[in-house]
Amino acid sequence: MPIRWREKGDIVVFDLVGELRYGEDLTPSIHQLIGEQLATGKHKILLNFAAVDFIDSYGIGDIVAAHVSVQKKKAQLKLAALSPKIWLIFNYSGLTRNLDIYDSEEQALRSFL
């Protein structure tokens, strides 16, 4: 899955596309990409799920690992635009209680301090 990122002011937005799953793809993980942004001093990260249609346990684990790294750096990680199916997976996993999830990218961007 190719992961593109862009900046909106001081917020780094990762536009996730397709499937977040374990596979042969050598694309760096979300956790690795967020770690690179944290290392450069970026502390506001948004994961845009608008174009994600599947996530497996590997994808969930990658998001959780990124969340832990962000917390250790006292940074902020927010998720936006999860489809109802993806939101249910996060909900059943108990992650909706621990992650900041917003209906749209715009809502998530406004929520950063």
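Notes on the structure follow. (Residues numbered from 1 in each chain as written. Predicted model: local features only at pLDDT ≥ 70, side-chain atom pairs only at ≥ 80, totals over all residues. Heavy atoms only, no water.)

One open sheet accounts for 5 strands, arranged β1-β2-β3-β4-β5; its pairing is mixed. Edge positions in the sheet fall to β1 (3-8) and β5 (100-102), since each of these pairs with one other strand and no more. Averaged over all pairs of adjacent strands, the angle between their axes in this sheet comes to 25°, without regard to strand direction. The strands that helix α1 (residues 30-39) touches are β1, β2 (11-20), β3 (44-55) and β4 (76-80); relative to β2, the one it contacts most, it runs at about 170°. Packing of helix α3 (residues 84-92) onto the sheet brings it into contact with β3, β4 and β5, and relative to β3 it is tilted by some 110°. (Pairing = 2+ DSSP bridges. Helix = DSSP H or I, 4+ residues; strand = E, 2+ residues; numbered from the N terminus. Axes fitted to C-alpha atoms, helices over the stretch in contact; angles between N-to-C directions. Contact = heavy atoms within 4.5 Å.)

For the coordinates displayed, the defined rule picks out 2 aromatic pairs. Judged by centre distance (5.5 Å) and plane angle (70°), the rings of Tyr 22 and Tyr 58 are edge-to-face. Of the two residues, Tyr 22 is situated in the loop between β2 and α1 and Tyr 58 in helix α2 (residues 57-72); the sequence distance between them amounts to 36 residues. Its relative accessible area of 60% is what places Tyr 22 among the exposed residues. Here the aromatic rings of Phe 49 and Phe 90 are separated by 5.9 Å at their centres, their planes lie at 90°, and the arrangement is edge-to-face. With a gap of 41 residues between them, Phe 49 in strand β3 and Phe 90 in helix α3 connect regions that are remote in the sequence. The exposure classification of Phe 49 matches that of Phe 90, with both residues buried. Seen from the ring of Phe 112, Lys 78 lies directly overhead, with NZ or CZ sitting 5.0 Å from the centre. (Phe/Tyr/Trp six-rings, centres within 6.5 Å; stacked < 30°, edge-to-face > 60°. Buried < 20%, exposed > 50% of the residue type's maximum accessible area, 1.4 Å probe, protein only. Lys NZ or Arg CZ within 6 Å of the ring centre and 35° of its normal.)

This next bit is on the pairing of β4. In terms of burial, β4 is largely enclosed, as 4 of its 5 residues are buried. Two strands pair when backbone bridges link them, and β3 and β4 are joined in this way by 5 bridges, in the parallel orientation. Within β4, the residue paired with Asn 48 across the bridge is Ala 80. In terms of handedness, the path from β4 via α3 over to β5 forms a crossover that is right-handed. (Right-handed = clockwise from strand over helix to strand, strands pointing away.)

Once that is clear, we can look at the pattern of salt bridges. Applying the stated criterion across every chain yields a total of 6 salt bridges. A network of salt bridges, in which partner residues are shared, links Arg 6, Asp 15 and Glu 105. (Salt bridge = Lys/Arg side-chain N within 4 Å of Asp/Glu carboxyl O.)

Another point: α2. Between its first and last C-alpha atoms α2 spans 23 Å; for 16 residues at 1.5 Å apiece the expected length is 22 Å, and the two agree. Those residues of α2 that sit buried are Gly 59, Ile 60, Asp 62, Ile 63, Ala 66, His 67 and Val 70. End-on view of α2: buried residues confined to an arc of 160°, all on one side of the axis. More than 90 degrees from the buried face of α2, the exposed residues found are Ser 57 and Lys 72. The inward-facing, buried residues of α2 contact β2, α1, β3, β4 and α3. (Expected span 1.5 Å × (residues − 1). Arc of directions from axis to C-beta.)

Geometric descriptors of this kind do not, in isolation, establish any biological role.
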